[in-house]
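# Residue-level structural notes
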Amino acid sequence: MKKIIIGSRGSKLALLYAHKAKKSLLSNTSLVADEIQIKEIVTRGDQVQDKRLSEVGGKGLFSKNIEQELLDNKIDIAVHALKDMPALETDGLTTNCFLERNDPREVLITKNNKKIGELNSDAIVGTSSYRREFQIKKIRNDLESKLIRGNVDTRIRKLDEGQYDAIMLSYAGLDALSFNTRISQIFSVSEILPSAGQGIIALQCRSDDQEIKTTLDKINDHHTKLRALTERNVLKVLDGDCETAIGVHSIIEGDKITLEAELFSLDGTQRFYEKKSSNILNCEKLGIEVGKILKEKSKDSYKKK
């Protein structure tokens, strides 16, 4: 086999995920280190730091450039944070390999290590997500949400500079970057439902590259794959994008998968919730079913007309 090139965003966190993928390949295949190369790719999402993703092209801003390198045969495997990928697959590509899921929970980082209940009224919480903004309002409607963009260390620096009183981030990213000591509060998934696929590293390749697909099969985590496909099916039914405020999470216990999801109206004033279980053999149908129920309950109030 020729040298395998893994494409990744150039952020510290993305490169950590790329190296994790490389390490997994080295541990589970006959490949040696010199046969796997990591290539940094600048994405539009990294270049635009002062606007919501929905204003400048949506989730695809973090994946489009990398996917184009795949399509152009400049890389063989793309590494993505699954939650940053659009719900629908790009023609000619397949995302069917997932590393074992990291902790999907949400965390709060504050000045003076305060928990959310201890923040002053009108405290400013930094988030780039409508989902997080509406979830915070559900817990405390007297807090103010303000847009924050940038990598994890950039967001923490903005907090330390006093631009925000608190910021919300995913536990997985902080843990990977060893920022655990900065965490003020960890929310259980029952308190705050994470984004679909949060904590999952997804590996994408060309649909017709059978050699790479066979190689990726050796590092695919079965339960994570089932959870990823189930959660993303909810998004597919809802045609979810960056402006869709939706939390989705699943757990597997034995041969049963339980899926819960919440969807907010465009203005965040209405919340629609569903929780269902099924045998893991029917997991993808479960995602579609829950998506359809939320779509019916919401009467499309989550989408712009």
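The rules behind these values
- Residues numbered from 1 in each chain as written.
- Predicted model: local features only at pLDDT ≥ 70, side-chain atom pairs only at ≥ 80, totals over all residues.
- Heavy atoms only, no water.
- Pairing = 2+ DSSP bridges.
- Helix = DSSP H or I, 4+ residues; strand = E, 2+ residues; numbered from the N terminus.
- Axes fitted to C-alpha atoms, helices over the stretch in contact; angles between N-to-C directions.
- Contact = heavy atoms within 4.5 Å.
- Salt bridge = Lys/Arg side-chain N within 4 Å of Asp/Glu carboxyl O.
- Buried < 20%, exposed > 50% of the residue type's maximum accessible area, 1.4 Å probe, protein only.
- Expected span 1.5 Å × (residues − 1).
- Parallel < 35°, antiparallel > 145°, perpendicular 65-115°, else oblique.
- Left-handed = near helix turned anticlockwise from the far one by under 90°.
- Nonpolar A, V, L, I, M, F, W, Y, C, P; charged D, E, K, R; others polar.
- Arc of directions from axis to C-beta.

## Here's the deal with the sheet that holds strand E9 (residues 185-187)
Taken together, five strands build an open sheet; the order of strands is E7-E6-E8-E5-E9 and the sheet is mixed. Only two strands of the sheet have a single neighbouring strand rather than two, namely strand E7 (144-146) and E9. Averaged over all pairs of adjacent strands, the angle between strand axes in this sheet comes to 30°, irrespective of strand direction. Each of strand E5 (106-110), strand E6 (124-126), E7, strand E8 (166-170) and E9 touches helix H5 (residues 130-139); the most contacted strand, E8, lies at about 120° to it.

## Here we look at the pattern of salt bridges
Considering all chains together, one arrives at 21 salt bridges under this definition. One salt bridge connects Glu262 with Lys138, and the closest N-O pair in it is separated by 3.8 Å. Placement of Glu262 in strand E12 (residues 256-264) and of Lys138 in helix H5 is noted, with a sequence separation of 124 residues between them. Relative accessible area serves as the criterion here: at 42%, Lys138 is assigned to the partly exposed category. Between Arg182 and Asp160 there is a salt bridge, with its nearest N and O atoms 2.8 Å apart. Placement of the pair is Arg182 in the loop between helix H7 (171-176) and E9 and Asp160 in helix H6 (residues 152-160), with a sequence separation of 22 residues. A residue is classified by how much of its surface remains accessible, and Arg182, at 27% relative accessible area, is partly exposed. The class for Asp160 is partly exposed, based on a relative accessible area of 46%. Residues participating in the shared-partner salt-bridge network are Arg9, Lys83 and Asp84.

## Things to note about the pairing of strand E10 (residues 201-206)
The buried fraction of E10 is high, at six of six residues. Of the strand pairs in this sheet, strand E4 (residues 93-98) and E10 are connected by five bridges, and their pairing is antiparallel. Following the sheet pairing, Phe98 is matched in E10 by Ala202.

## Some words on the side chain of Asn233
Mapped onto the elements, Asn233 comes out in helix H9 (residues 222-238). For Asn233, the residues in contact, after removing those within four places along its chain, are Glu284, Gly287 and Ile288.

## Quick look at helix H1 (residues 12-28)
Residues spaced three or four apart along an α-helix point in a common direction, a consequence of the helix completing one turn every 3.6 residues. Counted at 1.5 Å a residue, the expected span for H1 with its 17 residues is 24 Å, and the 24 Å between its end C-alpha atoms agrees. Looking only at H1, the buried set comprises Leu13, Ala14, Leu15, Tyr17, Ala18, Ala21, Lys22, Ser24 and Leu25.

## Focus on the packing of H9 against helix H10 (residues 283-298)
Relative to each other, H9 and H10 sit at 30°, their axes nearing to 7 Å. Relative to H10, the element H9 lies roughly parallel. Of the two elements, H9 crosses H10, and the hand of that crossing is right-handed. Contacts from Leu226, Leu229, Thr230, Asn233, Val234, Val237 and Leu238 of H9 reach H10 at Cys283, Glu284, Gly287, Ile288, Val290, Gly291, Lys292, Leu294 and Lys295. Of the residues belonging to the contact of H9 with H10, the class tally is nine nonpolar, four polar and three charged.

## Overview of H6
Considered for burial, the residues of H6 that qualify are Val152, Arg155, Ile156, Lys158 and Leu159. Each buried residue of H6 lies within a common arc of 155° when the element is viewed along its axis, so the set occupies one face. The secondary structure elements touched by the buried residues of H6 are H1, E5, E8 and H7. In the segment just after H6, Gly162 is the residue with positive phi, at about 90°.

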